[in-house]
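Spelled out from the first residue to the last, the chains are:
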Amino acid sequence: KRQRYKNKPTFLRSPSRLLTMVEAATPSSSQAEVVLIGCGCPLRGMGWYHAVQMLGGECPSAKLCHIVEPWFLGAGASGPGGPEF
């Protein structure tokens with residue numbers, strides 16, 4: 001089944017390739033907008049763990065709206081943890 005987006009998807013690009021497509025997240029009036037910078041290695045990083053908590057609704061006062069991961073989307077992409085990210 002095809003997913004429908006309430007907001008228009010945003011395409012994130014690097015100079016060499018298309019990285020991912022994300023749906024624009026909008027917090028409610030009772031939520032804080034969260035920007036996660038440096039989420040870390042999947043299934044190992046504390047930032048990653050907190051992102052999963054917010055995406056799973058375990059922190060109802062927070063809405064994960066943006067993730068900035070300069071290491072795994074840059075110089076660390078081919079290093080340990082890069083392929084999992």
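Fair warning: this is a prediction, and the values are worked out from it, not measured in the lab. (Residues numbered from 1 in each chain as written. Predicted model: local features only at pLDDT ≥ 70, side-chain atom pairs only at ≥ 80, totals over all residues. Heavy atoms only, no water.)

1. Quick notes on the side chain of Glu69
Structurally, the position occupied by Glu69 is in the segment after strand 4 (62–68). Accessibility expressed as a relative area gives 5% for Glu69, which makes it buried. Polar contacts involving the side chain of Glu69 include one to the main-chain amide nitrogen of Cys39, which spans 2.8 Å. Of note is the side chain of Glu69, whose polar atom sits 3.1 Å from the backbone nitrogen of Trp71. Leaving out residues up to four positions away in the same chain, Glu69 has contacts with Gly38, Cys39, Gly40 and Phe85. (Helix = DSSP H or I, 4+ residues; strand = E, 2+ residues; numbered from the N terminus. Buried < 20%, exposed > 50% of the residue type's maximum accessible area, 1.4 Å probe, protein only. Polar contact = N/O pair within 3.5 Å; in protein donor to acceptor, adjacent residues only side chain to side chain. Contact = heavy atoms within 4.5 Å.)

2. A word on unusual backbone geometry
Positive phi outside glycine occurs at Leu43, with the angle close to 65 degrees. Structurally, the position occupied by Leu43 is in the loop between strand 3 (32–37) and helix 1 (46–55). Taking relative accessible area as the criterion, Leu43 reaches 81% and is therefore assigned exposed.

3. Quick word on a nonpolar patch on the surface
A cluster of nonpolar side chains, contributed by Val35, Ile37 and Val68, occupies part of the molecular surface with about 270 Å² of accessible area. Residue position: Val35 is located in strand 3. By relative accessible area, which is 45% here, Val35 ends up partly exposed. (Patch = residues over 30% accessible without salt bridge, like charges linked within 9 Å, V, L, I, M, F, W, Y side chains within 5 Å. Areas by Shrake-Rupley, 256 points an atom, 1.4 Å probe, with all protein chains shown as cover. Salt bridge = Lys/Arg side-chain N within 4 Å of Asp/Glu carboxyl O.)

4. Side note on the pairing of strand 4
Note that strand 3 and strand 4 share six bridges and pair parallel. Paired with Ala32 across the bridge in strand 4 is Ala62. Handedness of the β-α-β unit built from strand 3, helix 1 and strand 4 comes out right-handed. (Pairing = 2+ DSSP bridges. Right-handed = clockwise from strand over helix to strand, strands pointing away.)

5. A look at the nonpolar core
Listed in full, the seven residues of the largest apolar core are Val34, Leu36, Cys39, Ala51, Met54, Ala62 and Leu64. Mapped onto this core, the elements with two or more residues apiece are strand 3, helix 1 and strand 4. Residues within four places of Met54 in sequence aside, it is in contact with Val34, Cys59, Ala62 and Leu64. (Core = buried A, V, L, I, M, F, W, Y, C linked by side-chain atoms within 4.5 Å.)

Distances and angles like these do not, on their own, reveal function.
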